[in-house]
Amino acid sequence: MVNLGPKKSPLSSVILIFRIPYYTQWGQSLLISGSEPALGGGNVKLGLGLVPFHQGEELIWHGRISVPIGFRCEYSYYLVDDNRNILRWEAGKKRNFSLPEGIKEGEVVEIHDLWKTASEALFLRSAFKTVIFGGGLNFEPEPPLRTNQTKDNHEDSIVVVFKISCPTIEEGTSVYVTGSVPQLGQWRVEDGLRLNYIGDSIWESHSVVRKVDFPIKYKYYHSCKQQDASLEIGPYRELALDTTSNSIPKYVLLSDGSFRRIPWRGAGVAIPMFSIRSIDDLGVGEFLDLKLLVDWAVETGFHLVQLLPINDTSVHGMWWDSYPYSSLSVFALHPLYLRVQALSEKIPQDLKQEILMQKEGLNGKDVDYEATMTAKLAIAKKIFNLEKDEILGSKPFLKFLSDNEEWLKPYAAFCFLRDFFGTSDHSQWGRFSQFSKEKLEKLISKDNLHYDVICFQYYIQYHLHLQLSEAAAYARRKKVVLKGDLPIGVDRNSVDTWVYPNLFRMNTSTGAPPDYFDKNGQNWGFPTYNWEEMSKDNYAWWRARLSQMAKYFSAYRIDHILGFFRIWELPNHAATGLVGKFRPSIALSQEELEREGIWDFDRLSCPYIRQNILQDKFGAKWMVIASCFLNEYAKECFEFKEDCNTEKKIIEKLVLIPEKSLWAGKEIEVQRSLLDLLQNIVLIQDPEEQGKFYPRFNLEDTSSFQDLDDHSKNVLKRFYYDYYFHRQENLWRQNALKTLPVLLSSSDMLACGEDLGLIPSCVHPVMEELGLIGLRIQRMPSEPELEFGIPSQYSYMTVCAPSCHDCSTMRAWWEEDEDRRFRFYKDVIGSNDEPPAQCTPEVANFIIHQHLFAPSMWAIFPLQDLLALKEDYTDRPANEETINDPTNPRHYWRYRLHVTLESLLKDEDLKMKIRSLVIGSGRAYPTSEVEIKKKKGVENIESKICNIQLNVD
């Protein structure tokens, strides 16, 4: 075949012609930007502009340049506007090109490319390339194949190079091309042209074809054996030549994109790490338990195991730390998931007995977070004291310390200071409040009395790394993808805010506006990001964070992906998530409001409190409430006192005020009513920019709005809908296209985005453009006119699921609302009968079946929902299976399975039910060891029969 490698030769020029089919809109065009000056030298605005022409029904863009022999470059295609501003670019890596060896001066090389879409590039991610189709790693680039064309390369012949990407084929597969000409076998697959593997999932070969044989029709196929050929789907590919042109090419290089096959679909199971139960665990799921879960996944037909965040959250030293999205460090793993029995092979008998006693005491219905952490750290400390000299001086440990010192040393120092000062609030640490590398080195010095305390943190992280790495390697061998979770925020009292305070807006808080989860919005308490500062080093903190995750995971979920378009930002003094604004966003200016006759900004942006409102809310107690919390600044007009003019101040005062006995038993109602008063505004004034305002979310629901004149109402409604649904779209799109590509290029993991909530219209197009897989939950459809999503209509680039950790399980949801249950039973299941009061195995089977048959690339099921397929596992009250209650900021994340993984592995009936559903849906599934042995046994028998037949012949 043609050698496309570089060759030194005198500077003589050849003609290079690029062609690519692409439909554009008015004002758009394509250009090529490449590494060489002829293609702009990396500057898109100086790239080679392409010109369109119609070929049949296709719009082809083409361009030509003269290049010297020996020319090579990297290049990509870009969609641009009339000013060459980038509108879109190809996915994946840049293309590499080298002129064919042996080319002569004046000859023409024509390159036929196809636009590389993000969805095609997904299959080059590690989840597929390394795990599911891991056999591809064993493909080694082959020596050039000899073409089946034996004649010399005559003047009336053209060298055609066929190149195809096949990332989703198994080890031992060969790739071929067959077509309408003799060189391609004239559609006989046994005579097709075999391609050779050149690396990076690309197969390539060439054939010398006479000009009179054009146009060529052809297709690719792959096979382990010739008789088992699998032809790609879709219409024939066709290569035609413009015989009227003066520039008939000598070489045609076909980059034919990806092998066309039925879209790959897989299934997975989701469960928080802490919820797993096994015979060996100590009160909570542990990293090594993942090996059992992987075994269960394989035997039930699942290619993926999804977890919640597993980073250390030890901020408060109490059960509040059970919240897995509030990271103490985005790099450190959580000590909660350590298996202490695996720390050493030399654990003394008395310590083994202590572990057994703790296991018995902690084997409760739910996770006892505080007791489990205390027990594990106490046992680990005793083992550490026994073997610290041996471990700390070992080569593997020293390498781990060296590879991770950038985050590990500050983390260990932070943990020491947290415990020494009794708080994670680093603003309370005196001279250590301000981080510096000089202070850090002194703090972790071997000369300090507390050096062992520092080393203990190293030791714990080292063993967590070993245990998770062991589980991750096991999953890869079993072709099961481990999917992690990337939280949108970090705790404000974290290692990251201590070390990198410039990367965070510490006077703000992160949350979400009112949505399906909470009508009052959510306030997560995390500081928002200072994206401007992060961009200065090309988002190094994010890139390091993703690189760390990729050590263990081959896929990840981007928590609240909307935050990368815009974040719901609240003042730090807010307790709820209602009165916030989007960042970034284009505020309403005082000038544009005044032009529309809006001028009383104090009236609109301060709490609107009138006597009649107080009487309606508090009844006979309104005067007592008013005297405690309000000042009357005008007749029947009130404002909050200084000591309770924020949400947090109100909550604190309600706890301490002597008069609280007057509303005993109604504390929650009083608090809610006071917060309603504080939130009774129409406009939010920007605290940093004078004359900038933001419309309060759901402003029409406020009495402040309802008491306005009709003109003001109409103007403010118009501004409201413009702010929330129109004016920000381009800004948010541009923001996401700055930040999300950084995440995607920082690792080889497959990325999925949690895109639930109030979705701007720019979100889904950007996700599609970047190859980000969205999330679809049936009970919260993205279509506003639907009550229940329709899985059969989901797009391919989605993960579908009947529930998730942020909502009730399938069983609990079924029982929550009788009227809704009737509607679902009639509209979705299609029955007019009375639905069962509980989610029976038959109902669960229907819902799971629906999702498995959906077009979505992935169907991922919470393990609790899968257990509903068998009545034996439904004896626990359904509401006890819920993982999180988003309406409760102090929710205790403690759900544990009520059955061990060992028991589930023995339950052949449940495994068979699930596996038959997966296989019946046409989704890909991993092959269990039993099936592999059976398959090998059949192959051995076939081989013996074949040998007998050969001997007989």
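Note: the structure precedes this text.
The following refers to the structure shown. Just so you know, these numbers come straight off a predicted model, no measurement behind them.

**Quick word on the overall build of the protein chain**
When helices and strands are tallied, the protein chain shows 28 helices and 38 strands. A compact globule built from 953 residues should have a C-alpha radius of gyration of about 30 Å, and the protein chain, at 32 Å, falls within 12% of that. When the backbone C-alpha atoms are referred to their principal axes, the protein chain occupies close to 105 × 80 × 75 Å. A burial count over the protein chain gives 56% of its 953 residues as buried. Put simply, of all contacts in the protein chain between residues at least 6 apart along the chain, 73% involve residues at least 24 apart.

**What about unusual backbone geometry?**
Apart from glycine, the bulk of residues carry a negative phi angle, and the bulk of peptide bonds sit in the trans form. Following Phe 214, the chain continues to Pro 215 via a peptide bond in cis, the omega torsion being 0°. Relative to the helices and strands, Pro 215 resides in the loop between β14 (202–210) and β15 (216–223). Between Arg 583 and the following residue, Pro 584, the backbone shows a cis peptide bond with an omega angle of -5°. With respect to the helices and strands, Pro 584 occurs in the loop between β28 (581–583) and β29 (588–589). Phi is positive for Gln 186, which is not a glycine, with a value near 45°.

**Digging into the nonpolar core**
In this structure, Trp 296, Phe 302, Trp 541, Trp 542 and Tyr 556 are the most contacted members of the largest nonpolar core, which totals 185 residues. The element contributing the most residues to this core is helix α8 (residues 451–477), with 13 residues. Discounting chain neighbours no more than four positions away, the residues touching Phe 302 are Ala 267, Gly 268, Val 269, Trp 296, Ala 297, Val 480, Phe 861, Leu 866, Ile 914, Val 918 and Pro 926. Residues Tyr 22, Cys 73, Leu 79 and Val 161 belong to the second largest nonpolar core, which totals 31 residues.

**Considering helix α15 (residues 622–629)**
When α15 is considered as a whole, its buried residues turn out to be Trp 622, Ile 625, Ala 626, Cys 628 and Phe 629. Each buried residue of α15 sits inside an arc of 165° when the element is viewed along its axis, so together they form one side.

**Focus on the environment of Thr 646**
For Thr 646, the location among the structural elements is in the loop between β32 (637–640) and α16 (647–656). Judged by its relative accessible area of 10%, Thr 646 falls in the buried class. Measuring from C-alpha to C-alpha, the distance between Thr 646 and Pro 571 comes to 9.7 Å, with 75 residues separating the pair along the chain. Not counting residues up to four positions away in its chain, the partners in contact with Thr 646 are His 573 and Leu 678.

**A look at the pattern of salt bridges**
Between side chains of opposite charge, pairing is possible as soon as their charged atoms come close. Counted according to the given criterion, the structure contains 49 salt bridges. The salt bridge involving Glu 908 is made with Lys 911; its shortest N-O contact spans 3.2 Å. Placement of the pair is Glu 908 and Lys 911 together in helix α27 (residues 908–920), with a separation of three residues, close to one helical turn. Connected through shared salt-bridge partners, Arg 505, Glu 532, Glu 569, Lys 581, Arg 583 and Glu 688 make up one network.

**Topic: helix α14 (residues 611–618)**
All buried positions along α14 are accounted for by Gln 611, Ile 613, Leu 614 and Phe 618. Buried residues of α14, seen end-on, are gathered within an arc of 160° and therefore sit on one face of the element. Where the residues of α14 are buried, they touch β30 (609–610), α15, β31 (630–634), β32, α17 (667–678) and α18 (703–706). At the exit of α14 stands Gly 619, carrying a positive phi of roughly 60°.

**Focus on the pairing of strand β9 (residues 108–112)**
Burial within β9 is extensive, with five of its five residues counted as buried. Taking every second residue as pointing to the same face, both faces of β9 are buried, with Val 108, Glu 110 and His 112 on one and Val 109 and Ile 111 on the other. In terms of strand pairing, strand β1 (residues 13–21) meets β9 through five bridges, oriented parallel. When the sheet's bridge partners are listed, Leu 16 is paired in β9 with Val 109. Bridge analysis of β9 against strand β18 (residues 251–258) gives four bridges, and the strand direction is parallel. Along β18, the bridge assignment pairs Glu 110 with Val 252.

**Some words on the packing of aromatic side chains**
To describe a pair of aromatic rings, you give the distance between the ring centres and the angle between the ring planes. Following the criterion strictly, the structure yields 66 aromatic pairs and no others. Centre to centre, the rings of Phe 414 and Trp 498 are 5.8 Å apart; their planes meet at 65°, and the pair counts as edge-to-face. Highlighted residues: Phe 414 in helix α6 (residues 395–421) and Trp 498 in helix α9 (residues 495–499), separated in sequence by 84 residues. Trp 498 gets classed as buried once you look at its relative accessible area, which sits at 4%. Arranged with centres 5.9 Å apart and planes meeting at 70°, the rings of Tyr 694 and Tyr 723 form a pair that is edge-to-face. Separated by 29 residues along the polypeptide, Tyr 694 in strand β34 (residues 692–695) and Tyr 723 in helix α19 (residues 710–725) bring together distant segments of the chain. By the burial criterion, Tyr 694 is buried, and Tyr 723 matches it. By way of ring pairs, the aromatic residues Trp 568, Phe 582, Tyr 694, Phe 697, Tyr 720, Tyr 721, Tyr 723, Tyr 724, Phe 725 and Trp 732 are connected into one cluster. One residue, Lys 653, lies across the ring of Phe 629, its end atom 5.3 Å from the ring centre. In this arrangement the basic side chain of Arg 718 is found over the ring face of Phe 719, its NZ or CZ atom lying 5.9 Å from the centre.

**Side note on the sheet that holds β9**
With mixed pairing, the eight strands of this open sheet are ordered in space as β4-β5-β1-β9-β18-β10-β14-β13. A single partner strand is all that each edge strand has here, and the edge strands are β4 (51–55) and β13 (196–199). Averaged over all adjacent pairs, the angle separating strand axes in this sheet is 25°, with direction ignored.

Conventions we followed
Residues numbered from 1 in each chain as written. Predicted model: local features only at pLDDT ≥ 70, side-chain atom pairs only at ≥ 80, totals over all residues. Heavy atoms only, no water. Helix = DSSP H or I, 4+ residues; strand = E, 2+ residues; numbered from the N terminus. Rg over C-alpha atoms; globule rule 2.2 N^0.38 Å. Buried < 20%, exposed > 50% of the residue type's maximum accessible area, 1.4 Å probe, protein only. Contact = heavy atoms within 4.5 Å. Core = buried A, V, L, I, M, F, W, Y, C linked by side-chain atoms within 4.5 Å. Arc of directions from axis to C-beta. Salt bridge = Lys/Arg side-chain N within 4 Å of Asp/Glu carboxyl O. Pairing = 2+ DSSP bridges. Phe/Tyr/Trp six-rings, centres within 6.5 Å; stacked < 30°, edge-to-face > 60°. Lys NZ or Arg CZ within 6 Å of the ring centre and 35° of its normal. Axes fitted to C-alpha atoms, helices over the stretch in contact; angles between N-to-C directions.

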